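# Observations on the three-dimensional arrangement
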Amino acid sequence: GGAVKIDSHLEFPLELALSSATDNETEHFALYAVIMHIGTLDSGHYTAFVKQRGEWFYIDDALVTACSIETVLSSNAYMLFYIRK
């Protein structure tokens, strides 16, 4: 069997709290971008959600539209980006 693209929803948090293994200090991170891949393993198209000035936007090539956090959280994320708070 060849490689197969898994194209299903995976829950992900708006915020992460990660503890350091060396000094037990907790760092907090906030989600600020989500990349999605539309298509197959061999071909397709990338789109993104990006948080800017407290609002979420959907970016598809030159098209940028405002969207809700519910839309972001229900997406089929390919890659998540978090920033340290």
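Just above sits the structure.
Our subject in this report is the structure included herewith. Position numbers for residues start from 1 in each chain and track the written sequence from start to end. Only residues with pLDDT of at least 70 get local features here, since the model is predicted, and only at 80 or more are side-chain atom pairs given and counted; chain-wide, interface and lining totals rely on the full set of residues. Processing note: side-chain calculations cover all non-hydrogen atoms of the structure and skip hydrogens and water entirely.

The subject of this paragraph is the overall build of the protein chain. Secondary structure elements follow DSSP: runs of H or I no shorter than four residues count as helices, runs of E no shorter than two count as strands, and numbering proceeds from the N terminus. Counting its secondary structure elements, the protein chain contains one helix and six strands. In the protein chain, the succession of α and β elements from N to C terminus is β-β-β-β-β-α-β. Against the compact-globule benchmark of 12 Å for 85 residues, the protein chain has a radius of gyration of 15 Å, which places it well outside the compact range. Dimensions of the protein chain, computed from the C-alpha atoms along their principal axes, are close to 45 × 40 × 20 Å. Here, Shrake-Rupley sampling with a 1.4 Å probe gives the accessible areas, and only protein chains in the shown set may cover a residue. Surface accessibility of the protein chain: about 6,300 Å² in total, with carbon and sulfur atoms responsible for 55%. For the radius of gyration, the atoms used are the C-alpha atoms, and the globule rule reads 2.2 Å times the number of residues raised to 0.38.

A few words now on a nonpolar patch on the surface. Within this analysis, patches are made of residues with over 30% relative accessible area and no salt bridge. Like charges are joined at 9 Å or less; nonpolar side chains (Val, Leu, Ile, Met, Phe, Trp, Tyr) at 5 Å or less. What makes a salt bridge here is a side-chain nitrogen of Lys or Arg within 4 Å of a carboxyl oxygen of Asp or Glu, nothing more. Judged by side-chain polarity, Tyr-32, Tyr-46, Tyr-78, Met-79, Phe-81 and Ile-83 come together as a nonpolar surface patch covering roughly 600 Å² of accessible area. Considering every element that reaches the nonpolar patch, the biggest residue donor is strand S6 (residues 79–84), with three residues. When you line up the elements, Met-79 lands in strand S6. A 1.4 Å probe rolled over the protein chains alone gives each residue an accessible area, and that area as a share of the maximum for its type sets the label: buried under 20%, exposed over 50%, partly exposed in between. By relative accessible area, which is 38% here, Met-79 ends up partly exposed.

Interpretation note: all reported values are geometric properties and have no functional meaning in isolation.
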